[in-house]
Amino acid sequence: MARVFSEVDLLLVPSLRDEMLVITNFTGHPSLTLRGGFVEVSEARSDWAPDSKHPLPRFSPPRRVPHGVTLIGRLFDEGTLAEAGIALESAFGVAQEHPPGF
């Protein structure tokens, strides 16, 4: 990670992926998960192996759910991470979106 961060300020990675969680948990690099937008889904999704006895639910009509991204920053540089997260949420146009009732 030290070699990577000698060349970049931040990493933008898919949210909550096992590989990146393991790396940041072991190294202590700060991470920030934020909404990158929304997607319509017609069925639940899972990274676990399918279980034919307990199929994942289907949605009708499809549900609009947040789609996230994760930023990973340099050690002890949470300020850059937060500034980038605020800028990205604003650029993505999701900063003010909330579920009904919130």
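Residues numbered from 1 in each chain as written. Predicted model: local features only at pLDDT ≥ 70, side-chain atom pairs only at ≥ 80, totals over all residues. Heavy atoms only, no water.

1. Quick notes on the sheet that holds strand 3 (residues 58-73)
Alright, step 1. With antiparallel pairing, the 3 strands of this open sheet are ordered in space as 1-3-2. Each edge of the sheet is formed by a strand with only one pairing partner; in this case those strands are strand 1 (10-14) and strand 2 (31-43). Between one strand axis and the next, the sheet turns by 20° as a mean value, whatever way the strands run.
Alright, step 2. Examined bridge by bridge, strand 2 and strand 3 share 11 bridges and lie antiparallel to one another. Across the sheet, R35 pairs through a bridge with G68, a residue of strand 3.
Alright, step 3. Packing of helix 3 (residues 78-92) onto the sheet brings it into contact with strand 1, strand 2 and strand 3, and relative to strand 2 it is tilted by some 30°. (Pairing = 2+ DSSP bridges. Helix = DSSP H or I, 4+ residues; strand = E, 2+ residues; numbered from the N terminus. Axes fitted to C-alpha atoms, helices over the stretch in contact; angles between N-to-C directions. Contact = heavy atoms within 4.5 Å.)

2. Here's the deal with the pattern of salt bridges
Alright, step 1. The final tally for this structure, using the stated rule, is 3 salt bridges.
Alright, step 2. Its salt-bridge partner being D9, residue R74 comes within 3.2 Å of it at the nearest N-O pair. Of this pair, R74 sits in the loop between strand 3 and helix 3 while D9 sits in the loop between helix 1 (2-5) and strand 1; the two residues are 65 residues apart in sequence, bridging distant segments of the chain.
Alright, step 3. With relative accessibility at 28%, the residue R74 sits in the partly exposed group.
Alright, step 4. Judged by relative accessible area, which is 47%, D9 ranks as partly exposed.
Alright, step 5. Across the pair R35 and E89 runs a salt bridge whose closest N-O atoms are separated by 3.7 Å. Note that R35 is positioned in strand 2 and E89 in helix 3, a separation of 54 residues in sequence. (Salt bridge = Lys/Arg side-chain N within 4 Å of Asp/Glu carboxyl O. Buried < 20%, exposed > 50% of the residue type's maximum accessible area, 1.4 Å probe, protein only.)

3. Thoughts on the packing of aromatic side chains
Alright, step 1. Evaluated as defined, the whole model comprises 0 aromatic pairs.
Alright, step 2. Here the guanidinium or amino end of R64 rests over the ring plane of F38, the centre of that ring lying 3.9 Å away. (Phe/Tyr/Trp six-rings, centres within 6.5 Å; stacked < 30°, edge-to-face > 60°. Lys NZ or Arg CZ within 6 Å of the ring centre and 35° of its normal.)

4. As for the side chain of H29
Alright, step 1. Assignment of secondary structure puts H29 in the loop between helix 2 (18-27) and strand 2.
Alright, step 2. If we skip the residues at most four places from it in the chain, H29 touches M1, F5, T24, I72, G73, R74 and L75.

5. Looking at the pairing of strand 3
Alright, step 1. Direction of pairing for strand 1 relative to strand 3: antiparallel, over a ladder of 5 bridges. Within the sheet, the bridge partner assigned to P14 lies in strand 3 and is V69.

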